[in-house]
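Residue-level structural notes
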Amino acid sequence: MAAKLQAIRGMHDLLPEITPLWQHLESRVRDVMHRYAYSEIRMPIVEVTELFKRSIGEVTDIVEKEMYSFNDRNGDSLTLRPEGTAGCVRAVIENGLLNQPRRLWYQGPMFRHERPQKGRYRQFHQVGVEVFGLDGPDIDLEVIMLTARLWKELGLTGLELQINTLGTAEERAQYRGELVNYLREHHEQLDEDSRRRLETNPLRILDTKNPDMAQLVAGAPSLMDHLTEQSRDHFQNLCAGLDARGLAYRVNPRLVRGLDYYSRTVFEWVTDQLGAQGTVCAGGRYDGLVEQLGGRATPAVGFAMGLERLISLMQDQGGTSDRPLDAYLVMLGDAARNRGALLAEELRDALPGLRLMSHCGGGSFKSQFKKADRSGARYALVLGDGELERGVVGLKPLRDDGDQRDLVLDNLASDLAPILNN
Ligand code: HAM
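My aim in this report is to walk through the structure given alongside it, one point at a time. (Residues numbered from 1 in each chain as written. Predicted model: local features only at pLDDT ≥ 70, side-chain atom pairs only at ≥ 80, totals over all residues. Heavy atoms only, no water.)

**Some points on the site of the ligand**
Here is the rule we go by: Proximity criterion: a residue is near a molecule or strand once any of its heavy atoms comes within 4 Å of it. Whenever a nitrogen or oxygen atom comes within 3.5 Å of another N or O atom, the pair is scored as a polar contact, on the condition that within protein one atom can donate a hydrogen and the other can accept it, and that pairs from neighbouring residues in sequence are kept only if both atoms are in side chains. Accessible surface is estimated by sampling points in the Shrake-Rupley manner with a 1.4 Å probe; for residues, cover comes only from the protein chains shown. The helix and strand labels rest on DSSP assignments: H or I over at least four residues marks a helix, E over at least two residues marks a strand, and numbering proceeds from the N terminus. Lys, Arg, Asp and Glu make up the charged group, whereas Ala, Val, Leu, Ile, Met, Phe, Trp, Tyr, Cys and Pro make up the nonpolar group; the residues left over, Gly among them, are polar.
Surrounding the ligand, one finds 27 residues, the nearest of these being E83, T85, E114, E130 and Y262. Within the contact set of the ligand, a nitrogen atom lies 3.0 Å away from a side-chain nitrogen or oxygen of Y261. Within the complex, 96% of the 660 Å² of free accessible area of the ligand lies under protein. Contributions of two or more residues to the shell around the ligand are made by β6 (123-132), β10 (279-285) and β11 (300-306). Of the residues forming the shell around the ligand, the biggest block, six residues, is contributed by β10. Of the residues belonging to the shell around the ligand, the class tally is twelve nonpolar, eight polar and seven charged.

**Quick word on the sheet that holds strand β8 (residues 250-251)**
Where we set the bar: By this definition, two strands are paired if DSSP reports at least two bridges between them. Whether two residues are in contact is decided by their heavy atoms, any of which lying within 4.5 Å being enough. Angular values range over 0 to 180 degrees, each being the angle between N-to-C directions of two axes fitted as lines to C-alpha atoms, with helices fitted over their stretch in contact.
Sheet architecture is open: eight strands sit in the order β1-β5-β6-β11-β10-β9-β7-β8, paired in mixed fashion. Each end of this open sheet is capped by a strand with a single partner; those strands are β1 (39-40) and β8. Here six bridges tie strand β7 (residues 160-165) to strand β9 (residues 265-270), and the two strands are oriented antiparallel to one another. If you follow Q162 over to β9, its bridge partner there is E268. Those strands touched by helix α4 (residues 85-94) are β5 (102-111) and β6, and its axis lies near 40° from that of β6. Contacting β7, β8, β9 and β10, helix α9 (residues 229-244) runs over the sheet at an angle of about 160° to β7.

Have a look at this one:
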């Protein structure tokens, strides 16, 4: 036998057992986006490597270690997108969409060469939102409320909203100096990773997961103290808006995010129900990025959620699974098979919500009934040559002990509708 090939580590098939849950999630997402008047945008999965370097930042984990980059046949360096914001910003600049505010959303696969574990994959899926041209805290609030509504629609509980502000680039530069001084004074307490970051990206040290450094980080100077009044107002307004809407949150001064483009508001939705990979949604404001990528200065805010993590939560919290099939059509004899094929289409025309599986492949009544049973359908519809002669179709309940009874073939759709709605 030929050797079997396998999927790439960290990249998974979504099998038929699980796709109904994905479809449910995707349809709720689409519905919520529609209700908030956000428009869908679809970007390519591959972009020039330069785009991610210039937006996510040269010294981030993603760009340093996690990108799937390759040279194409022309020798250009291309990268499978590790996230959607960079491509979305490129697209709105390139297509001249920044002449008015835009509320956009997208979904699709993203690729990061991380060490796979539960909730962390090399191909994963995000739904993202990016809003351009609005600079107030009101829009930060709107995107956060949108996520909260989605959790409600999906019936998800136990998610904590954490927020922070990173100030503007200038405020951060000032703060950075003071932070570096403080960390230098305690150089001996820094782990290897942090020593490296001290030179390149010192704010990320605040995000360390190393418990030995917790005390050091707790004593670090606070960015909050370095904000201008304008930035402080922005943040306070956001907090007041969340309070007014009764949405609980925790201000987490250590929330710094792993991508370089953020300014002012950042937020994450976190759960303790998924183990180490508990952030299901994350984002914030990135007012400088459009200009940095060659567009005219345009404020922006957005987020992305990890669909695998949401699916996992939905499973743990008993999320909706697929609606069972309504009926399985069993047919025996040539004439019945021909009429049955037509009948199945007539029923699908007349009853648009109907989930009907029509038997294919012949076989005895007994073997067809076995398949009907295994399909999970509520009823078998039975059409043999005998039924055809009498102008009827047998209806047999498969999930309880009821007897088979006849329904008139010509009235089948209208007689079936109330039975299925029961
Ligand atoms: P991010 O924090 O890198 O932000 O990713 C957002 C979410 O994607 C994470 O919170 C997580 O749920 C999911 N995610 C990330 N990496 C993986 C992985 N390896 N496996 C499974 N899920 C993962 C961004 O991507 C930004 N573009 C978000 C944004 C949009 N900010 C502004 N606009």
